[in-house]
Amino acid sequence: MAVRSVPREFRKDPTDLSDHERYALYARWLDHADPAIRANALICLIHQTNYLLDRQIAALEKQFVEGGGYSEQLAAARIAHRNAEQSPDPNIPKCPQCDGLRALRTAKTGKNAGQQSWRCTAYLECKGTAKV
Ligand SMILES: [Zn+2]
């Protein structure tokens, strides 16, 4: 119990300590004359290490399940970057009726044959057009 309570005895983050300073925290048991006390201290520290590793593995597993693995996150970042690069040209007018993308079309027949217009890419469902 004394070995396990050591981290609670100091307020400093143990990761800020040097190896020598960390060892000094447990030296009274690890350097004890009685080999049984040294062995018990080591068993206690091994047990604590296993407990913390189990918690870390569980946290990493949860993070993986919720956020995906490394390569999955890389692929998602790449797709987001590519989509940002391929965002529509701001000079292309949006459809006034559905706010969708429009494409430049040239009429092949009818009274406007040969004329260009920005036609909604959802043409047929949406009739939004604008003359060039
Ligand atoms: Zn439209």
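For the structure, see preceding data.
Residues numbered from 1 in each chain as written. Predicted model: local features only at pLDDT ≥ 70, side-chain atom pairs only at ≥ 80, totals over all residues. Heavy atoms only, no water.

Caption draft 1: Representation of unusual backbone geometry in the model. The backbone phi angle of Asp99 is positive, close to 65°, even though this residue is not glycine. Its place among the elements puts Asp99 in the loop between α4 (70-85) and β1 (102-106). In this model, Leu124 sits at a positive phi of 95°, which is unusual for a non-glycine residue. Here Leu124 lies in the loop between β2 (116-120) and β3 (129-131). (Helix = DSSP H or I, 4+ residues; strand = E, 2+ residues; numbered from the N terminus.)

Caption draft 2: The coordination of the zinc ion, seen in detail. Every protein donor of the zinc ion is accounted for by Cys95 (SG), Cys98 (SG), Cys120 (SG) and Cys126 (SG), and the metal-donor separations fall at 2.2 to 2.3 Å. One can describe the site at the zinc ion as tetrahedral: its 4 donor atoms subtend angles covering 100 to 118° at the metal. All donor residues of the zinc ion come from one chain, and their arrangement in sequence is C-x2-C-x21-C-x5-C. With a gap of 22 residues between them, Cys98 in the loop between α4 and β1 and Cys120 in strand β2 connect regions that are remote in the sequence. For Cys120, a relative accessible area of 2% translates into the label buried. (Donors = N, O, S within 2.8 Å, 3.2 Å for Na, K, Ca; no water. Tetrahedral: all angles 85-135°; square planar, octahedral: opposite > 155°, others 65-115°. Buried < 20%, exposed > 50% of the residue type's maximum accessible area, 1.4 Å probe, protein only.)

Caption draft 3: Quick look at the side chain of Ser5. Checked against the element boundaries, Ser5 lands in the segment before α1 (6-9). By relative accessible area, Ser5 is classed as buried at 18%. Of the polar contacts made by the side chain of Ser5, one reaches the backbone oxygen of Ala2; its length is 2.9 Å. (Polar contact = N/O pair within 3.5 Å; in protein donor to acceptor, adjacent residues only side chain to side chain.)

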